Amino acid sequence: MTFYLIPKLNYHKPRSLDEALKLLNELEDAKVIAGGTDLIVDIKTGGIKPPKNLVDITFIDELKHIHVDSKSIRIGAATTLQEILESNVLKEQIPVLVEAVSSMGSWHLRNMATIGGNLCNASPAADTAPPLLVLNAEVKLNSVDGERTVPLMKFFTGPKQTVLKPNELMTEIIIPKPPENSGMKFIKLGRRNAHTLSIVAVAALVKVEDERFGDVRIALNAVAPTPIRALKTEKALIGENVSIEVIEEKVKLVAEEVNPITDVRASAEYRREMSVVLTRDAIIESLKNLGFKLEV
Amino acid sequence: MKIKFTLNGELVEVEVPPNMTLLDLLRRKLGVMSVKRGCDRGECGSCTVLVDGKPVYSCLILAPKIEGRSVVTVEYLSKNSELHPVQEAFIEAGAVQCGFCTPAFILTAYALLNRNPNPSEYEVKKAFEGLICRCTGYVKMVEAVLLAAKKLKH
């Protein structure tokens, strides 16, 4: 039987955003905790240096919401993954995010884990990242000094690293409404079917105009130091005829865009190969969601 | 620090060190031994409790987080000393082997049936995806939940 020891720490429970931002600004060696499903494991297993202060942001109501208006969808950073999974409006408007969340952890973990936590933990294998990247999402970061909005593409800077300053808090994820008549799909490959981490996962979003690819967006996780967009492959597909042959030819470019490592889950070679295969499948499935019948 | 929450319907006020997990608070301070320590790192699910009706891993929650919440353990289901239909169904379906993971599976099944009285086999499996049974007795546990759903309808 394993016992993990958690070193002594102070636990803060701000009830408002202002209070939380003041605490993050004033406290020495403070870390934000939301669901804790990554942070507590990291503290227990020595993955990070335990902080002196934890600031729990899940008592702040204004960080938990799903708002939809004519231009965008806004999700509070402390919204749980299970709340996202059960949201009918998200299922209808951005199914690619809901599909990704459905593949994450377990019911038990999703009841605790938050979307902001998944992004701020900045694992290269974060599963909310590929769908949010193809949706051109932005994240809102607040501090006592003010507020800034950063495209998610520019948020991650390396494994477990982001542009967040020590006194900053992610408060909202802002997702522009996807283009009309776009098809999307998330596909994840893990070592098993449930409660698993990605070997690689791909999100795709496609729009077809006059039988040709109009908009194509592709994002992958677990195959580079951060989740990435496959911009070269996207560019190669845009304007081309929609056919299996074209897709199979162009997705080969993905192998050049990824930069995977070998770890306990898979080898770099396997990840590179599967990046191509999953990208092909995600594009084909996105097209099927638009009603296209493709001959294989 | 002092925290207040309800445990199986009763108000509890207790002094806890902020680095104590809910799992340790329940087992070591409050003597609730049905909540099991398995992996202690959010992988096995044996420490499952319900917080505000939702199954969570108590090994990943620091005690201060449950301030003002409702915590339910398997003891709550047979509070009036009669077995709950979910517990009866687990016995009738033969869904218990060594018993270590049983409280976690029963609580998860109870939470599932509270929100979805008529789950499909897939929905039961999806609800159980974060629970590990070392005896691998999953088939009968899924059957038990479907049987419990029938029992609860009558």
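Counting from 1, residues in each chain are numbered in the order their sequence is written. Written order decides the labels, with chains lettered from A and ligands numbered from 1. Two thresholds apply to this predicted model, a pLDDT of at least 70 for residue-level local features and 80 or more for giving and counting side-chain atom pairs, whereas whole-chain, interface and lining totals are computed over all residues. Neither water nor hydrogens contribute to the side-chain values; these are computed over all heavy atoms in the structure.

## Re the packing of aromatic side chains
Where two aromatic rings form a pair, the distance of their centres and the angle of their planes describe that pair.
At step 1: Two rings from Phe, Tyr or Trp (for Trp, the six-membered ring) form a pair when their centres sit within 6.5 Å of each other. Planes less than 30 degrees apart are called stacked, planes more than 60 degrees apart edge-to-face, and all others tilted. Enumeration according to the criterion identifies three aromatic pairs over all chains in this entry.
At step 2: Between B:Phe105 and B:Phe128 the ring centres are 4.8 Å apart and the planes differ by 80°, which places this aromatic pair in the edge-to-face class. Note that B:Phe105 is positioned in helix 3 (residues 102–115) and B:Phe128 in the loop between helix 4 (121–127) and helix 5 (138–153), a separation of 23 residues in sequence.
At step 3: Any residue under 20% of the maximum accessible area for its type is buried, any over 50% is exposed, and the rest in between are partly exposed; the area is computed with a 1.4 Å probe on protein chains only. When its relative accessible area of 0% is taken as the criterion, B:Phe105 is described as buried.
At step 4: Linked through ring pairs, B:Phe105, B:Phe128 and B:Tyr138 together constitute an aromatic cluster.
At step 5: Here the guanidinium or amino end of B:Arg69 rests over the ring plane of A:Phe59, the centre of that ring lying 5.7 Å away. In DSSP terms, a helix is any run of H or I states spanning at least four residues, a strand is any run of E spanning at least two, and both are numbered starting from the N terminus. Each ring is checked for a lysine NZ or an arginine CZ that lies within 6 Å of its centre and within 35 degrees of its normal; such an atom marks a charge sitting over the ring.

## Things to note about the environment of A:Ala230
At step 1: Structurally, A:Ala230 is set in the loop between strand 14 (228–229) and helix 10 (231–237).
At step 2: A sequence separation of 22 residues divides A:Ala230 from A:Val208, and the C-alpha atoms of the two residues are 18 Å apart.

## Let's talk about the nonpolar core
At step 1: With 40 residues, the main nonpolar core has A:Leu119, A:Leu132, A:Val139, A:Phe155, A:Ile173 and A:Ile175 as its most contacted residues.
At step 2: By definition, residues are in contact when any of their heavy atoms lie within 4.5 Å. Filtering out sequence-adjacent residues up to four positions away, A:Val139 remains in contact with A:Leu119, A:Arg148, A:Thr149, A:Val150, A:Leu152, A:Phe155, A:Met170, A:Glu172 and A:Ile173.
At step 3: As used here, the term nonpolar core means buried Ala, Val, Leu, Ile, Met, Phe, Trp, Tyr and Cys residues forming a set that is joined through side-chain atoms within 4.5 Å. Ranked by size, the runner-up nonpolar core spans 36 residues in total, among them A:Leu39, B:Leu22, B:Cys59 and B:Leu62.

## Topic: the sheet that holds strand 10 (residues 169–176) of chain A
All names here are of chain A.
At step 1: Two strands are said to pair when DSSP picks up at least two bridges between them. Ordered by their spatial adjacency, five strands build an open sheet running 4-5-10-6-7, and the pairing between neighbours is antiparallel. With one partner strand each, in any of the chains shown, strand 4 (66–68) and strand 7 (146–151) form the two edges of the open sheet. Across the sheet, the mean angle from the axis of one strand to that of its neighbour is 20°, orientation sign disregarded.
At step 2: With five bridges joining them, strand 6 (residues 138–143) and strand 10 adopt antiparallel strand pairing. Paired with asparagine 142 across the bridge in strand 10 is leucine 169.
At step 3: Comment: axis = line fitted to C-alpha atoms, over the contacting stretch for helices; angle = value between 0 and 180 degrees taken between N-to-C directions. Together, strand 6 and strand 10 form the strand contacts of helix 1 (residues 17–26), whose direction differs from that of strand 10 by roughly 125°.

## Description of the pattern of salt bridges
At step 1: Criterion for a salt bridge: a side-chain nitrogen of Lys or Arg within 4 Å of a carboxyl oxygen of Asp or Glu. Scanning the entire structure with this criterion turns up 29 salt bridges over all chains.
At step 2: Note that A:Lys13 is salt-bridged to B:Glu67, the shortest N-O span being 3.9 Å. Remark: B:Glu67 occurs in the loop between strand 4 (54–57) and strand 5 (70–72) and A:Lys13 occurs in the loop between strand 1 (10–12) and helix 1; the pair is interchain, linking two chains.
At step 3: Between B:Arg69 and B:Asp52 there is a salt bridge, with its nearest N and O atoms 3.2 Å apart. Of this pair, B:Arg69 sits in the loop between strand 4 and strand 5 while B:Asp52 sits in the loop between strand 3 (48–51) and strand 4, and the two are 17 residues apart along the sequence.
At step 4: Judged by its relative accessible area of 25%, B:Arg69 falls in the partly exposed class.
At step 5: A relative accessible area of 39% means that B:Asp52 is categorised as partly exposed.

## Some points on the sheet that holds strand 1 (residues 2–7) of chain B
All names here are of chain B.
At step 1: Pairing is mixed in the open sheet, where five strands are placed in the order 2-1-5-3-4. One side of each edge strand has no neighbouring strand; the edge strands of this open sheet are strand 2 (10–15) and strand 4. The average undirected angle you get between the axes of adjacent strands in this sheet is 40°.
At step 2: The pairing of strand 3 with strand 5 spans two bridges and is classified as antiparallel. Paired with valine 51 across the strands is valine 71, a residue of strand 5.
At step 3: Most of the contacts of helix 3 go to strand 3, to which it runs at about 30°, and overall it touches strand 3, strand 4 and strand 5.

## Thoughts on the interface of chain A and chain B
At step 1: Of the residues lining the interface, 36 residues belong to chain A; the matching set on chain B comes to 34 residues.
At step 2: Both sides of the chain A and chain B interface together cover about 3000 Å² of buried area, and 59% of this is carbon and sulfur.
At step 3: Buried area is a sum: the accessible area each of two parts loses on coming together, probed at 1.4 Å, counted once for each and added. It is A:Tyr11, A:Trp107 and A:His108 in chain A that bury the most area against chain B; as a group they hold 24% of the surface buried on that side.
At step 4: Taken together, the links from chain A to chain B amount to five salt bridges.
At step 5: Among the ionic pairs, B:Glu129 bridges to A:Arg110, the shortest N-O distance being 3.1 Å.
At step 6: Pairs of N or O atoms are called polar contacts if they sit within 3.5 Å, as long as, within protein, a hydrogen donor faces a hydrogen acceptor (for residues adjacent in sequence, only side-chain-to-side-chain pairs). Connecting chain A to chain B are 15 residue pairs in polar contact (both at pLDDT 80 or more).

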